[in-house]
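# What the coordinates show
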Amino acid sequence: MALGLLWLGLALLEALQTQAWVSTLNLIPAPPLLRVPLQPDFQNDQFQGKWYVIGLAGNKFNKEYLQFTMYATVYELNEDNSYDVTSILAWNQTCDHWLRTFIPSSQPGQFTLGYIERYIGTQSYTVRVVTTDYNQVATVFFKKVYNNQEYFKITLYGRTKELTPELKENFISFAKSLNLTDEHIIFPIPIDQCIDE
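Below, the structure is looked at part by part.

Rules behind the numbers
Residues numbered from 1 in each chain as written. Predicted model: local features only at pLDDT ≥ 70, side-chain atom pairs only at ≥ 80, totals over all residues. Heavy atoms only, no water. Helix = DSSP H or I, 4+ residues; strand = E, 2+ residues; numbered from the N terminus. Buried < 20%, exposed > 50% of the residue type's maximum accessible area, 1.4 Å probe, protein only. Areas by Shrake-Rupley, 256 points an atom, 1.4 Å probe, with all protein chains shown as cover. 1 Å grid on protein atoms, 1.4 Å probe; cavity = no way out; pocket = protein on both sides within 12 Å on 5 of 7 lines; lining within 4 Å. Points joined across faces, edges and corners; volume = space filled by probe spheres on them. Nonpolar A, V, L, I, M, F, W, Y, C, P; charged D, E, K, R; others polar. Pairing = 2+ DSSP bridges. Core = buried A, V, L, I, M, F, W, Y, C linked by side-chain atoms within 4.5 Å. Contact = heavy atoms within 4.5 Å. Expected span 1.5 Å × (residues − 1). Arc of directions from axis to C-beta. Phe/Tyr/Trp six-rings, centres within 6.5 Å; stacked < 30°, edge-to-face > 60°. Lys NZ or Arg CZ within 6 Å of the ring centre and 35° of its normal.

## Some thoughts on the overall build of the protein
When you go through the protein residue by residue, the secondary structure sums to 3 helices and 9 strands. The linear arrangement of helices and strands in the protein, starting from the amino end, is α-α-β-β-β-β-β-β-β-β-α-β. Here the protein holds 197 residues, and the buried ones make up 50% of them. Of the roughly 10000 Å² of accessible surface on the protein, 53% is carried by carbon and sulfur atoms.

## Comments concerning empty space enclosed by the protein
Under the definition given, this model contains 3 cavities of 30 Å³ or more. Roughly 60 Å³ of internal volume is contained in the second largest cavity. Lining of the second largest cavity is provided by Val53, Tyr71, Thr73, Ser87, Trp98, Arg100, Tyr125, Phe142, Lys153, Thr155 and Tyr157. Of all the elements in the fold, those that place two or more residues in the lining of the second largest cavity are strand 4 (94–104) and strand 8 (149–158). For the lining of the second largest cavity, the element with the highest residue contribution is strand 8, accounting for 3 residues. Taken together, the residues of the lining of the second largest cavity break down into 6 nonpolar, 3 polar and 2 charged.

## What to know about the pairing of strand 5 (residues 110–113)
In this sheet, strand 5 lies alongside strand 4 in antiparallel orientation, the contact comprising 3 bridges. Pairing of Ile103 across the sheet is with Thr112, part of strand 5.

## Quick word on the nonpolar core
Among the nonpolar cores identified, the biggest contains 27 residues, and Ala57, Phe141, Phe152, Ile154 and Leu180 are the most heavily contacted of them. For this core, the secondary-structure elements that each account for two or more residues are strand 1 (49–58), strand 2 (72–77), strand 3 (83–91), strand 7 (137–146), strand 8 and helix 3 (165–177). Contact partners of Phe141, with chain neighbours within four places excluded, come to Pro31, Leu33, Val36, Thr126, Val127, Arg128, Val130, Phe152, Lys153, Ile154 and Leu178. Membership of the second largest hydrophobic core comes to 25 residues, among which are Leu56, Phe68, Leu89 and Phe142.

## Let's talk about the side chain of His184
The residue His184 is located in the loop between helix 3 and strand 9 (185–186) in this model. Those residues in contact with His184 that sit more than four places away from it in its chain are Ile28, Leu56, Ala57, Gly58, Asn59 and Phe61.

## Some details on helix 3
Its 13 residues place the ends of helix 3 18 Å apart at the C-alpha level, agreeing with the 18 Å of an ideal helix rising 1.5 Å per residue. When we look at burial in helix 3, the residues that qualify are Phe171, Ile172, Phe174 and Ala175. Looking down the long axis of helix 3, one finds its buried residues gathered within 165 degrees of arc, a one-sided arrangement. Set apart from the buried face of helix 3 by more than 90 degrees, the exposed residues are Pro165 and Glu166. On its buried face, helix 3 is in contact with strand 1, strand 6 (122–132), strand 7, strand 8 and strand 9. At the exit of helix 3 stands Asn179, carrying a positive phi of roughly 75 degrees.

## Quick look at the packing of aromatic side chains
How two aromatic rings sit relative to each other is set out by the distance from centre to centre and by the angle between their planes. Using the criterion set out here, one finds 17 aromatic pairs in the structure. Between Tyr75 and Tyr157, the ring centres sit 5.9 Å apart and the planes meet at 80 degrees, which makes this aromatic pair edge-to-face. In this pair, Tyr75 is assigned in strand 2 and Tyr157 in strand 8, connecting sequence segments 82 residues apart. By the burial criterion, Tyr75 is buried, and Tyr157 matches it. Counting every residue linked through ring pairs, the aromatic cluster contains Phe42, Phe47, Trp51, Tyr75, Tyr83, Phe102, Phe111, Tyr125, Tyr134, Phe142 and Tyr157. Between Arg118 and the ring centre of Tyr115, over which it is positioned, the NZ or CZ distance is 4.5 Å.

Any functional reading would require information that these geometric values do not contain.
Below, the structure is given as structure tokens:
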């Protein structure tokens, strides 16, 4: 059963990457982590729960994916302060679940991907909570080294599906501060299927 879930998770990861990412030609370099803020005094217990993905930006995204639909991600805190992370997305008329574990680093609010050896070609994977108020919004930075190529993305999470003009502008400004352009920023279309279950 566990092996089956692993293979399902890997297949969903590839499917999500296929839907949202473009070729690796001319990638904007990933910023060093020192340039990416980290939420001060991060509170693991307050961050857990369901988040809707209301904004995405990254060096593999482009405007071809304007029809990208919203998905949800649930963070479940474990006793060791790691998170079991489940992304729920509508895919090919079904509700798919993508499961991962985020292991805390020495810096509160920064994590690495657990069981990384299962993700063939992935050399490192860092998750960094840039900012959050825990109740409404969070910005999270992801950096992955895959087959010696660096990819990064920024996710704007909301506890609701609502994207205010102020949130949108702040997210765009942050993405551009990391050398991304309007071409690399998308705002997923809200849906009800799967993500509200």
